[in-house]
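Chain and residue survey
For reference, the chains in residue letters:
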Amino acid sequence: MDGPAPLVYRGVSKNYQTHFWQRPFTSLDGFSLEVRPGEILGLLGPNGAGKTTAIKLALGLIFPDAGSVTLNGLPAADPAARRATGYLPESPYFPDDLTGLELVQFAGRLHGVPERELRARAAELLEQVGLGAAAGRKLRKYSKGMVQRAGMARALVARPRFVILDEPMSGLDPVGRREFRDLILSLRERGATVLFSSHVLTDAEMLCDRVAILKDGRLRALERVGELFASRRVRGWEVEARGGGAVAGAELVSERGEERLWRFPAAMQAEEIFAAVRAAGAHPVMLTPQRETLEDLFLRTLADEPAAGRDGAAA
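The sections below set out a description of the structure shown in this document. Model, not experiment: these values are computed from the prediction.

**Structural notes on helix 3 (residues 115–128)**
Along its 14 residues, helix 3 runs 20 Å from first to last C-alpha, staying within 8% of the 20 Å computed at 1.5 Å per residue. Along helix 3, the positions that sit buried rather than exposed are Leu 118, Arg 121, Ala 122, Leu 125 and Leu 126. Angular distribution of buried residues about the axis of helix 3 spans 130°; they occupy a single face of the element. With respect to the buried face of helix 3, the exposed residues turned more than 90 degrees away are Arg 116, Arg 119, Ala 120 and Glu 127. Buried positions along helix 3 lie against helix 2 (100–110) and helix 4 (144–156). Gly 130 sits one or two residues past helix 3 and shows a positive phi near 85°.

**Re the pattern of salt bridges**
Counted according to the given criterion, the structure contains 15 salt bridges. For the salt bridge of Glu 117 with Arg 121, the shortest nitrogen-to-oxygen distance reads 2.1 Å. In this pair, Glu 117 and Arg 121 are both assigned in helix 3, four residues apart and thus about one turn of the helix distant. In this structure, a network of salt bridges that share partners links the residues Arg 149, Asp 173 and Glu 179.

**Some remarks on the packing of aromatic side chains**
Two aromatic rings, taken as a pair, are described by how far apart their centres are and by the angle between their planes. Counted under the stated rule, the structure contains one aromatic pair. Between Tyr 9 and Phe 31, the ring centres sit 4.9 Å apart and the planes meet at 55°, which makes this aromatic pair tilted. A residue pair is termed long-range when its members are at least 10 positions apart, and Tyr 9 in strand 1 (residues 7–16) and Phe 31 in strand 2 (residues 25–35) qualify at 22 residues. Judged by its relative accessible area of 2%, Tyr 9 is buried.

**What to know about helix 4**
Over its 13 residues, helix 4 runs 19 Å from end to end, which matches the ideal 18 Å to within 8%, given 1.5 Å per residue. With respect to burial, helix 4 is a largely interior element, eleven of its 13 residues being buried. Listed as buried for helix 4 are Gly 145, Met 146, Val 147, Gln 148, Arg 149, Ala 150, Gly 151, Met 152, Ala 153, Ala 155 and Leu 156. Looking at the buried residues of helix 4, the elements they touch are strand 6 (85–88), helix 2, helix 3, strand 7 (162–166) and helix 5 (174–189).

**Points about the layout of surface pockets**
Taken as a whole, the largest pocket encloses approximately 380 Å³ of empty space. In this structure, the largest pocket is lined by 17 residues; those nearest its centre are Thr 85, Tyr 87, Leu 110, His 111 and Arg 154. Within the residue set of the lining of the largest pocket, elements represented by two or more residues are strand 6, helix 2 and helix 4. With four residues, the top contributor of residues to the lining of the largest pocket is helix 2. Of the residues belonging to the lining of the largest pocket, the class tally is twelve nonpolar, three polar and two charged.

**Focus on the pairing of strand 8 (residues 193–197)**
Burial of strand 8 is extensive: five of the five residues sit out of reach of the surface. The alternating pattern of strand 8 places Thr 193, Leu 195 and Ser 197 and Val 194 and Phe 196 on opposite faces, both of which are buried. Bridge count between strand 3 (residues 40–44) and strand 8: four bridges; the pairing is parallel. Directly across from Ile 40, in strand 8, lies its bridge partner Val 194. The pairing of strand 7 with strand 8 spans five bridges and is parallel. Its bridge partner lying in strand 8, Asp 166 is registered against Ser 197.

**With respect to the packing of helix 2 against helix 4**
With their axes 8 Å apart at the nearest point, helix 2 and helix 4 run at an angle of 25° to one another. When the axis of helix 2 is compared with that of helix 4, the two are roughly parallel. Note on packing geometry: the crossing formed by helix 2 with helix 4 is right-handed. Contact residues: helix 2 offers Leu 103, Val 104 and Ala 107, while helix 4 offers Ala 150, Ala 153 and Arg 154.

**Quick look at the packing of helix 2 against helix 3**
Remark: helix 2 packs on helix 3, axes separated minimally by 9 Å, with the N-to-C direction vectors making an angle of 130°. Classified by the interaxial angle, the pair formed by helix 2 and helix 3 is oblique. Where helix 2 crosses over helix 3, the two elements pack in a sense that is right-handed. Seen from helix 2, the contacting residues are Gly 100, Leu 101, Val 104, Gln 105, Gly 108 and Arg 109; seen from helix 3, they are Glu 115, Leu 118, Arg 119, Ala 122, Ala 123 and Leu 126. For the contact of helix 2 with helix 3, the per-class residue count stands at six nonpolar, three polar and three charged.

**Quick word on the sheet that holds strand 13 (residues 259–265)**
Read from one edge of the open sheet, four strands run 12-13-11-14, paired in antiparallel fashion. The sheet is open, and its two borders are formed by strand 12 (251–256) and strand 14 (283–291), each paired with just one other strand. Sheet twist, expressed as the average angle between the axes of neighbouring strands with direction ignored, equals 20°. Bridging between strand 11 (residues 234–242) and strand 13 involves seven bridges; their strand directions are antiparallel. Bridge pairing in strand 13 places Arg 242 opposite Glu 259. Docked against the sheet, helix 8 (residues 270–279) engages strand 11, strand 13 and strand 14, running at close to 140° with respect to strand 14.

Calculation rules
- Residues numbered from 1 in each chain as written.
- Predicted model: local features only at pLDDT ≥ 70, side-chain atom pairs only at ≥ 80, totals over all residues.
- Heavy atoms only, no water.
- Helix = DSSP H or I, 4+ residues; strand = E, 2+ residues; numbered from the N terminus.
- Expected span 1.5 Å × (residues − 1).
- Buried < 20%, exposed > 50% of the residue type's maximum accessible area, 1.4 Å probe, protein only.
- Arc of directions from axis to C-beta.
- Contact = heavy atoms within 4.5 Å.
- Salt bridge = Lys/Arg side-chain N within 4 Å of Asp/Glu carboxyl O.
- Phe/Tyr/Trp six-rings, centres within 6.5 Å; stacked < 30°, edge-to-face > 60°.
- 1 Å grid on protein atoms, 1.4 Å probe; cavity = no way out; pocket = protein on both sides within 12 Å on 5 of 7 lines; lining within 4 Å.
- Points joined across faces, edges and corners; volume = space filled by probe spheres on them.
- Nonpolar A, V, L, I, M, F, W, Y, C, P; charged D, E, K, R; others polar.
- Pairing = 2+ DSSP bridges.
- Axes fitted to C-alpha atoms, helices over the stretch in contact; angles between N-to-C directions.
- Parallel < 35°, antiparallel > 145°, perpendicular 65-115°, else oblique.
- Left-handed = near helix turned anticlockwise from the far one by under 90°.

This is the structure we're talking about:
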């Protein structure tokens, strides 16, 4: 999509000092990243990698010690940069004497949403996130997952062009996770850009166009998810078989009655695998290649020291 990049970090460093007698702690170190218009980019990394610091810098809540951050074409510290941005924090806390509807309407007024359309839009969003029946209930009576849903509706009330989501699936049940995934994908369909951080790598696999992996405040990898999966290698084979005894060259993964799941090394060919299963007196039912996942990339990247990525550090 055309237009300026919604978010750009250039050589950003950020240090914290919890006590004056302690040495500063480096949260981000020479961090460069560009979020492209219309994409969903996942910000991944272990605890302490710098993900939340990067988000706070983008929102102008803290300021870099070195480098620059631009949001929607403006310095991130400029309040005008945030007018077209929606934000859901990892652990949202809202005034609990408000109802869900009042919370979303309040956020809409702050963003300048016309009053004549605000109530209908707020009610529609609450319905989308599964809170239609609880819109008039006080937030103090909401569960953690319900507060998360209300926070998502609040973040989207002004129809932002850029949405930042920090651990958006936190506290959600499986149904809620599915609804949030569909909602995030719908944002991309209408042309919005999404940056979200997550510890749940399966969510990133299903949602992201690209993933950026951080470790120790540095960008370690920046990958296009589609290219990653198109080229991912086979790590092994799993065969579901019925009956028979031990299969030579295979590891027994699970057993239920006559059904057994066997794992074979990647170097073996399908013909060899079927021959080994039949030689054990078993009947092969299904052969499945075990390909590299985003989790494999994530763990391999964290084990490697140099920063890497197909798109380059700032692409």
